[in-house]
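Per-entry structural report
Residues per chain are reported as follows:
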Amino acid sequence: MKFKLLLICFLALIANISAQNLQLRSNLPYSPDVLSNIGGYKDSAGNEYALVGTEFGLSIVDVTDPDNPVIKITVNGINSIWREVKLQRRCLCNDRRRWRIADH
């Protein structure tokens, strides 16, 4: 019974994703890291970045080319499975630390 319920939920999820016009273009292996939150940023040159909260810190990924994402930098932080990534007035906030974002 549990398997049938799980299968129905999975199929409903797939139908919902396809209904929202989403397409998986690529992925990055973060194993064994646990991921907890994600944010986004677009710089003045039009480059797009994913701000990925991981178990061990923060990962900044260039997703300007969605078929070839590139991890630009990883910043170590407090070991935690709960990590919030926020942008506030051109400041990136993570683990009670703030970094000013400077576009070039």
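Here, the structure is the one placed above.
Conventions used here
- Here the residue numbers are simple positions, counted from 1 along each chain's written sequence.
- Predicted model: local features are reported for residues with pLDDT of at least 70 only, side-chain atom pairs are reported and counted for 80 or more only, and whole-chain, interface and lining totals are derived from all residues.
- The side-chain values count all of the structure's non-hydrogen atoms but skip hydrogen atoms and water molecules.
- Within this document, salt bridges are pairs made up of a side-chain nitrogen of Lys or Arg and a carboxyl oxygen of Asp or Glu, the two lying within 4 Å of each other.
- Strands are runs of DSSP state E lasting at least 2 residues, helices are runs of H or I lasting at least 4, and numbering of each runs from the N terminus.
- For every residue, the accessible area obtained with a 1.4 Å probe (protein chains only) is divided by the maximum for its type, and the residue is called buried under 20%, exposed over 50%, and partly exposed between those limits.
- Pairing between strands is defined by DSSP: at least two bridges between them are needed.
- Axes here refer to lines fitted to C-alpha atoms; in helices the fit is confined to the stretch in contact. Angles between the N-to-C directions go from 0 to 180 degrees.
- The contact rule is simple, with two residues in contact once any of their heavy atoms fall within 4.5 Å.

**Concerning the pattern of salt bridges**
Taken as a whole, this structure holds one salt bridge when the rule is applied. Its salt-bridge partner being R25, residue D67 comes within 2.8 Å of it at the nearest N-O pair. Within this pair, whereas D67 is found in the loop between β3 (57-62) and β4 (70-76), its partner R25 is found in the loop between α1 (2-19) and β1 (35-42), the two being separated by 42 residues in sequence. Exposure remark for R25: the relative accessible area of 44% places this residue in the partly exposed category.

**Details of the sheet that holds β4**
Reading across from one edge, β1-β2-β3-β4 is the order of the four strands in this open sheet, with antiparallel pairing throughout. Two strands close off the open sheet at either side, each with one partner strand: β1 and β4. For this sheet the average axis-to-axis angle between neighbouring strands, irrespective of direction, equals 20°.

**Comments concerning the side chain of T54**
Residue position: T54 is located in strand β2 (residues 48-54). Setting aside residues no more than four positions away along its own chain, T54 makes contact with Y30, D33, V34, L35, S59, S80 and R83.

**A few points about the environment of F56**
Among the secondary structure elements, F56 is positioned in the loop between β2 and β3. A relative accessible area of 36% places F56 in the partly exposed class. Sequence spacing of F56 and N76 is 20 residues, and the spatial spacing of their C-alpha atoms is 5.8 Å. Leaving out residues up to four positions away in the same chain, F56 has contacts with D33, V75, N76, G77, N79 and R83.

**Details of the pairing of β2**
For β2, the buried fraction is high: six of the seven residues fall into the buried class. Between β1 and the antiparallel strand that follows it, β2, lie five residues; G46 among them carries a positive phi value of about 95°. Strand direction decides the pairing type here: β2 and β3, joined by six bridges, are antiparallel. What sits directly across from G53, in β3, is L58. Count of turn residues in the β2/β3 antiparallel hairpin: two residues.

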